[in-house]
Amino acid sequence: MGMIGLVILVFFIATALLAPIFVSSDGLDATKATGEPLQPPSLEFPFGTDDLGRSVLTLTIWGSRVSLLVGFMATLLSILIGAVIGIAAGYFGGWRENLLMRVTDWFLVIPFLPLAIVLASLLGRSLFNIILVIGVTSWPGTARLVRAQTLSVKTRPYVERARALGAGTWHAITRHILPNVFPLIFANTILVVAVAILSETTLSFLGLGDPLRVSWGSILEFAFSAGAGGAGAWWWLVPPGVAIVLVVLAFTMCGYALDEVLNPRLRRR
Amino acid sequence: MTIPAIDPAVPVLDARGLHVSFAGRTGMFAGLFGRAEASARAVDGVDLQVRRGEVLAIAGESGCGKTTLARTLMGLERPRAGTILFEDKPMPRDLRAYRRKVQMIFQDPTGALNPRQTIYESVAEGLRIHRVPGNEKERVAAALSQAGLRPPERFFLLYPHEISGGQRQRVVIAGALVLNPEVIIADEPVSMLDASVRGEILKLLLGLRDELGLTIVVVTHDLGMAWMIADRVAVMYLGRIVELGPAEEVLTKPRHPYTKALLDVVPEAGGLDRPVLTGEPPDPTRIPAGCRFHPRCPEVASGRAEAAGFLGRCTGEDPALRVLAADHTAACHLAE
Amino acid sequence: MSVLSVRDLNVSYTTQAGDVPAVRGVNLDVARGEVLGLAGESGCGKSTVAHAVLRLLPVGARAEGEVLLDGEDVLAMKPGRLRAVRWTEAAIVFQGAMHALNPVRRVGDQVAEAMTIHRQASEREAFRRAQQLVEQVGLPARRARDYPHELSGGQRQRIMIAMALACNPNLIIADEPTTALDVMVQAQVLSLLSGLQQEFGLAMIFITHDLSVLVEACDRIAVMYAGRIVEEGPSDLLFGSPAHPYTKALAAAFPQIGDERFRRAPSGLPGDPPDPAAVPRGCPFHPRCPEAIAACAREDPSLLKLTVDGRRRAACIRVDRLGAPEMVP
C-alpha cells in the first residue's frame, strides 16, 4: 500500500516541480487566455476552461505548486516547534514540562478558522499567513506525541547509563533520545502534511489565501463564486478536487506503510 | 598524568548521614485540597565507608533502599541530607570528573545498551563524552579484552541484539572500564543473566579487583552471590544498614534478626520447614516507629524480646549500628 | 498411578527460517502426590513442555508424541473434550503473575471465572468458593473484592494459585511462580504451594531455573537443556552429587552459604544456552562442557541409567564410561 502512495506522491511532486518546463505560466494570465470561457474538456484543453478561458489543466498543475509548497512549509514549521517542545518537555520534566505542556494545551484549543480570519484581517491575505496559521495550530498534536515518546525513551536504561558515564543534556538528547524519537516524528510528519494541504485548501476556498496565487483551493473558490456548479461546468471543479483527494490519500497510505515498517523492528528486538 | 599518592587507610567512598527521599506523587486535586502523599524515605540515615580494593555487597529485599543508595553514590540521585566523600573530598557539584573515577554497571544488560549503536560506539561513548585524548580504537579494544571479549575487533561492528546476554553485560563492563575508574558500582549485575553464565561475570568482577585494584560495590538481593564474591556485607532494611561486617561473619554468624531471617529462607536441601517472616517488604512511606524492623521481628513476635525486657526499647527506640565484634556492627537492641 | 505421562514429546515452532525444535523427545512421569521439578535456562524448552500439557501452544507450533493426562492423550483430544479437561484436570500457574490478571476485574471474579466457565457453580456460588480459595492461599477473604493493582506481587501470585485450584485439578503446573518475587515472599509462596500440595494430594510440576528452590520443593528433578532432558533423579541426590556436567554447572551457580569451597570461587560456563534454531551437533552441550572429549562432538547421548532401578539417569557418555558414580539407593 505504501508503494502506491509513494508513486502517487512522486508523480505529483514531479509535476509540481517540473511545471515551468512543460506548461507555460502564461496559461494563468487571464489577459492571455486563449480559450473560450467554460468550455468542456477537449483535445486542446484536456480539463476544459474556466470562466476566463484559461485551461483548467494549466491551473491545476500550477496550483499544485502552491498547495504542496504551503503544505510542506506549514508542516515543517509545525514539526519543528512540536518536536523541540515535545522533547524538552519530556526530557526535563518538572516545572519546565508543566509550563510547556500548559502552553501546548493552550495552543491546542485555539480554533483554527477564527484564527485564520483574524490573521487575514490583521495582516492581509498572503501565503505566509496561511503557513503561519496552519503551523501554529497543528504543532500541539506533534508535541504531545513526541513528549510521550520522549518520556518512554528517557527511562530506558541506556539513557541512564549515558548519564552515569558523565553525559550532559545535549549528548543524551542528541545521541539517545532523538534517534529513538525520530521514527515517530517522521511518521507523524507524513500525516501532518496531508492535513496541512487540506487546511490550505480550506483556507483558500474560504477566500483567506493569497488572491494573486493559484492553488487548488483558490481554483475551487473561483469556481464556486463564478457559479460553476449551477452552470454545469463540472470540469472546473473536479480536477482540483480529485487532485487534493489523491495527494492526501497518498500521504495517508505512506503513513500506514511507515507504521508497518517501524513496528517489526520493535518486534524483532 | 600524575597519580596522587593514595592513603590506603582513607576510605575511597565515605557516606555520612545520607538521607534520600522521593516525593509522593500528588494528583492535581489532592494538591489543591492539601492532601499530599507521604514521601518515601528510601535511604534514611546511612553511614557507610567503602574501603579501597574491597568487594562490598549491599544486600536486602526490594524497597530497602540499596539501589537508591548505589545510585546516590554514583551521583544519579541527590541526597536530601548528608555528605559523600570521595577520597576524603566532598563529591563535586560538577560530576563529570567524578564519573571518570566511579562507574556503574546495570541490572539489565540489554536495556543498558542503545540498540541503534554498535558495540564499538557503546564502549567509546564514555571516551567521547569526556573527550579523552589518545587512540580511541586502542582503548576500546583494550577495554573489551579486559572484559573478556576476545578478539575485540570481532565485536566492534556488532549490534547488541546480535550478541548474547552475558556478552552484553561484558560490553557494559567494558564501557565502564574504558574510563579507568577506581570504583565500580554494580547494581544486580547478574540477576537477569542465565544461571550458568553468572559465574563467568562474577569471576570477571573478582578478576578486575585482583588485577586492577578496583573497588567494587555490588548491590544484590542474593546472599548466595554475596557469599561467592564479597569481602564485606552490608544488610539493609527500610533505608538503614542493619548489619555490616566481613562476609564470613555476617553470613554465617548473623547478629541481627533480619539477617538471620534472610539467611533462613535461602533455599537449600532439607525441605521447607523453617521460619519464614510473615508480611511483605514494607513500604518506605510508612516507616514504623522505634526499631523499624520490630513489626516483623521474630524476636518480638515470639515473645523473646519481651522476656528479655527489651520490648519497650524495640518499639520505642531506633537502634544505631553498634560494634558487636571486630569490624562487625549491627543495629539491634537485643544483639548487644 | 501416573497423573501425567509424557511420551516422546516433540514440539517445534514454524518460523520464517524453518522449523525450530523447542522440545526434542521428552519423557516424563508424575505420580499422584508427587512434585517434579523441571530445571533449565532460557531456551531449554521447559515452558513449552508446560504449555503442551494443556495444548496451550501458540499458533504455528506443532506437537507430536503422547501427553497422557489421567490416561487420556491431550494431543489427540477433540476440542470439546480438551476444553472440558483444561483446568479441571490440570491447571497452570503462569509466569509473571503481574500481567496475567485482568486489571479491570476484581480478583475474586477472576478466580471464579474458571468455575463458571466449566459450569461447576452459579456465579454467586462460584464467588463464594473463590473467597474460600482466597483464604486458603493465605489472604483474608475480603481481598477477593480487590482489583489486581491493590495487591502486591506476592499477593497476586497467591491469587494465581487460587485460580489454579478453582476446579480441583489433579495436576498443577507452576511455571516460574516465584521468579519475580523477593526471597522472603518467595519462601512464603513456596511454603504455601507445598502445604496445598500435601493437603490436596496434588501432583505438581515446578518449573524454574533456580535449582536450589527445586531441591527444597521437589521430590524429583529433571534438568533440561536444548529441548532435551539431560539428567533426572531424586532432588537431593541430583543436587548433592550431580552426574551431568551441565547439572554440575547449574548447581555451582547456587552456592551453599557457609561452604568454604564457594568462597571467592565463582564458576560459570562460557558461551550461552544454545538457540533452539541452532543446536550444536553431537551432544548439544559439548561446546560449553568442561569435560567434553572428542566423541562428544559426534554422539548425541540419550538418557542412560545410572542406577539399576533407573531412578537416576543422565545423558552423558562420560558418565557411562566412568561407570555409575557412587549412588545411594
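Everything numeric in this text was worked out from a predicted model, so none of it was measured. (Residues numbered from 1 in each chain as written. Chains lettered and ligands numbered in written order. Predicted model: local features only at pLDDT ≥ 70, side-chain atom pairs only at ≥ 80, totals over all residues.)

Broken down by element type, chain C carries 11 helices and 12 strands. Radius of gyration (C-alpha) of chain C: 21 Å, near the 20 Å computed for a compact globule of 329 residues. Expressed along its principal axes, the backbone C-alpha trace of chain C runs to roughly 65 × 50 × 40 Å. A burial count over chain C gives 51% of its 329 residues as buried. (Helix = DSSP H or I, 4+ residues; strand = E, 2+ residues; numbered from the N terminus. Rg over C-alpha atoms; globule rule 2.2 N^0.38 Å. Buried ≥ 20, exposed ≤ 12 C-beta atoms within 10 Å, placed from the backbone.)

The subject of this paragraph is the overall build of chain B. When you go through chain B residue by residue, the secondary structure sums to 13 helices and 12 strands. Its C-alpha atoms give chain B a radius of gyration of 21 Å, within 12% of the compact-globule value 20 Å for 336 residues. Along the first, second and third principal axes, the C-alpha atoms of chain B reach 70 × 55 × 40 Å. Relative to its 336 residues, chain B shows a buried fraction of 49%. The long-range share in chain B, meaning contacts at least 24 apart out of those at least 6 apart in sequence, stands at 68%. (Contact = placed C-beta atoms within 7 Å.)

So, on to the interface of chain B and chain C. Across the boundary between the two partners, chain B contributes 36 residues, which contact 41 residues of chain C. Contributions of two or more residues to the side of chain B that touches chain C are made by α6 (165–177), α7 (195–212), α8 (223–229), α9 (247–252) and α10 (257–264) of chain B. No other element matches the 9 residues that α7(B) contributes to the side of chain B that touches chain C. Across the side of chain B that touches chain C, the residue classes tally to 19 nonpolar, 10 polar and 7 charged. (Nonpolar A, V, L, I, M, F, W, Y, C, P; charged D, E, K, R; others polar.)

For helix α4 (residues 119–129) of chain B, a buried count of 8 out of 11 residues is recorded, marking the element as mostly surrounded by other parts of the structure. Buried residues of α4(B): I119(B), Y120(B), S122(B), V123(B), A124(B), E125(B), G126(B) and I129(B), and no others. Buried residues belonging to α4(B) abut α6 (157–165) and α7 (169–205) of chain A together with α5 (136–146) and α6 of chain B. Just downstream of α4(B) lies R131(B), where phi reads positive at about 50 degrees.

All names here are of chain C. Most of strand β8 (residues 203–208) sits out of view: 6 of its 6 residues are buried. Burial along β8 is two-sided: A203, I205 and I207 facing one way and M204, F206 and T208 facing the other are all buried. As judged from the 5 bridges shared by strand β3 (residues 35–39) and β8, these two strands associate in the parallel manner. Within β8, the residue paired with L36 across the bridge is I205. Pairing geometry for strand β7 (residues 171–175) and β8, over 5 bridges, is parallel. When the sheet's bridge partners are listed, A174 is paired in β8 with F206. Following the chain from β7 across helix α7 (residues 183–200) to the adjacent parallel β8, one finds a crossover that is right-handed. (Pairing = 2+ DSSP bridges. Right-handed = clockwise from strand over helix to strand, strands pointing away.)

With that settled, the discussion passes to the confidence of the model for chain B. Regions with low pLDDT should not have their predicted coordinates read in detail. All names here are of chain B. In this model, chain B carries a mean pLDDT of 85, and residues with pLDDT of at least 70 account for 91%. Across residues 1–5, confidence stays below pLDDT 50; counting only partners more than four residues off in sequence or on other chains, it has 0 contacts. Per-residue pLDDT stays below 50 along residues 28–32; that stretch engages in 4 contacts with residues further than four places along the chain or on separate chains. (pLDDT = per-residue confidence, 0-100.)

On to the sheet that holds strand β5 (residues 89–90) of chain B, then. Residues and elements named next belong to chain B. Within the open sheet, the 4 strands sit side by side as β2-β1-β4-β5. Their pairing is antiparallel. Every other strand in the sheet has two partners, leaving β2 (40–50) and β5 as the edge strands with one partner each. With 2 bridges connecting them, strand β4 (residues 81–86) and β5 associate as antiparallel partners. Bridge assignment links L85 to a residue of β5, and that residue is P90.

Let us now look at the sheet that holds strand β6 (residues 90–93) of chain C. Residue and element names in this part refer to chain C. Pairing is mixed across the open sheet formed by 8 strands, whose spatial order is β6-β7-β8-β3-β9-β10-β12-β11. The outermost strands of the open sheet, each flanked by one partner alone, are β6 and β11 (304–305). Two strands pair when backbone bridges link them, and strand β9 (residues 220–225) and strand β10 (residues 228–234) are joined in this way by 6 bridges, in the antiparallel orientation. Of the residues in β10, the one forming a bridge with M224 is I229. Contacting β6 and β7, helix α6 (residues 153–165) runs over the sheet at an angle of about 170 degrees to β6. (Axes fitted to C-alpha atoms, helices over the stretch in contact; angles between N-to-C directions.)

A few words on the confidence of the model for chain C. For chain C, per-residue confidence averages 86 on the pLDDT scale, and 96% of positions sit at 70 or higher. Of the two predicted TM-score estimates for the complex, the pTM is 0.82 and the ipTM is 0.82.

On to the packing of α6(C) against α7(C). The description of two helices packed together rests on the angle between their axes and the distance between the axes. Residues and elements named next belong to chain C. For the pair α6 and α7, the least separation of the axes is 10 Å and the interaxial angle reads 15 degrees. Relative to α7, the element α6 is oriented roughly parallel. Helix-helix and strand crossings are classified by hand; for α6 and α7 the assignment is right-handed. Across from G153, G154, Q157, R158, I161 and L165 in α6, the residues of α7 making contact are V185, Q188, V189, L192, L193 and L196. (Parallel < 35°, antiparallel > 145°, perpendicular 65-115°, else oblique. Left-handed = near helix turned anticlockwise from the far one by under 90°.)

All names here are of chain A. For the pair helix α2 (residues 56–92) and helix α3 (residues 94–108), the least separation of the axes is 7 Å and the interaxial angle reads 145 degrees. As α2 runs across α3, the sense of the crossing is left-handed. Where α2 approaches α3, its residues I85, A88, A89 and F92 are matched on the opposing element by G94, R96, E97, L100, M101 and T104. Here the contact of α2 with α3 is composed, by residue class, of 6 nonpolar, 2 polar and 2 charged.

Our focus in this paragraph is the interface of chain A and chain B. Opposite the 15 residues of chain A that make contact, chain B presents 21 residues. Elements supplying a minimum of two residues to the side of chain A that touches chain B: α6 and α7 of chain A. The greatest single-element share of the side of chain A that touches chain B, amounting to 8 residues, is contributed by α6(A). For the side of chain A that touches chain B, the residue count by class is 7 nonpolar, 3 polar and 5 charged.

Another aspect to go through is unusual backbone geometry. The omega torsion of the bond from R150(B) to P151(B) falls at -5 degrees, within 30 degrees of zero and hence cis. Residue position: P151(B) is located in the loop between α5 and α6. Look at D70(C): it is not a glycine, yet its phi comes out positive at around 55 degrees. With respect to the secondary-structure elements, D70(C) resides in the loop between β4 (61–69) and β5 (72–73).

What follows deals with the environment of A234(B). Residue and element names in this part refer to chain B. For A234, the location among the structural elements is in strand β9 (residues 232–237). Residue classification places A234 among the buried positions, given that 26 C-beta atoms sit within 10 Å. Linking A234 and P246, residues 12 residues apart in sequence, is a C-alpha distance of 8.8 Å. Discounting chain neighbours no more than four positions away, the residues touching A234 are L48, L56, I58, I241 and L244.

The first and last C-alpha atoms of α7(B) sit 26 Å apart over 18 residues, in line with the 26 Å expected at 1.5 Å per residue. Looking at α7(B), one finds that the buried residues are A195(B), S196(B), V197(B), R198(B), G199(B), E200(B), I201(B), L202(B), L204(B) and L205(B). Against the buried residues of α7(B) lie α6, β7 (183–187), β8 (215–220) and α8 of chain B together with α10 (245–252) of chain C. Count one or two residues on from α7(B) and you reach G213(B), which has phi positive near 70 degrees. (Expected span 1.5 Å × (residues − 1).)

Here we come to the environment of A42(B). Residues and elements named next belong to chain B. Considering the arrangement of structural elements, one finds A42 in strand β2. In the structure, A42 is positioned 279 residues away from L321 in sequence and 18 Å away in space, judged by C-alpha atoms. When sequence neighbours within four positions are dropped, the list of residues in contact with A42 reads V20, S21, F22, G65, T68, G239 and P284.

The next point concerns the arrangement of the chains. The assembly contains 2 pairs of chains in contact; the pair sharing the most contacts is chains B and C. Here chain A and chain C are not in contact; the least distance found between their C-alpha atoms is 13 Å.

Locating I119(B) in the fold gives a position in helix α4. Distance from I119(B) to V250(B), taken between C-alpha atoms, is 39 Å for residues 131 residues apart in sequence.

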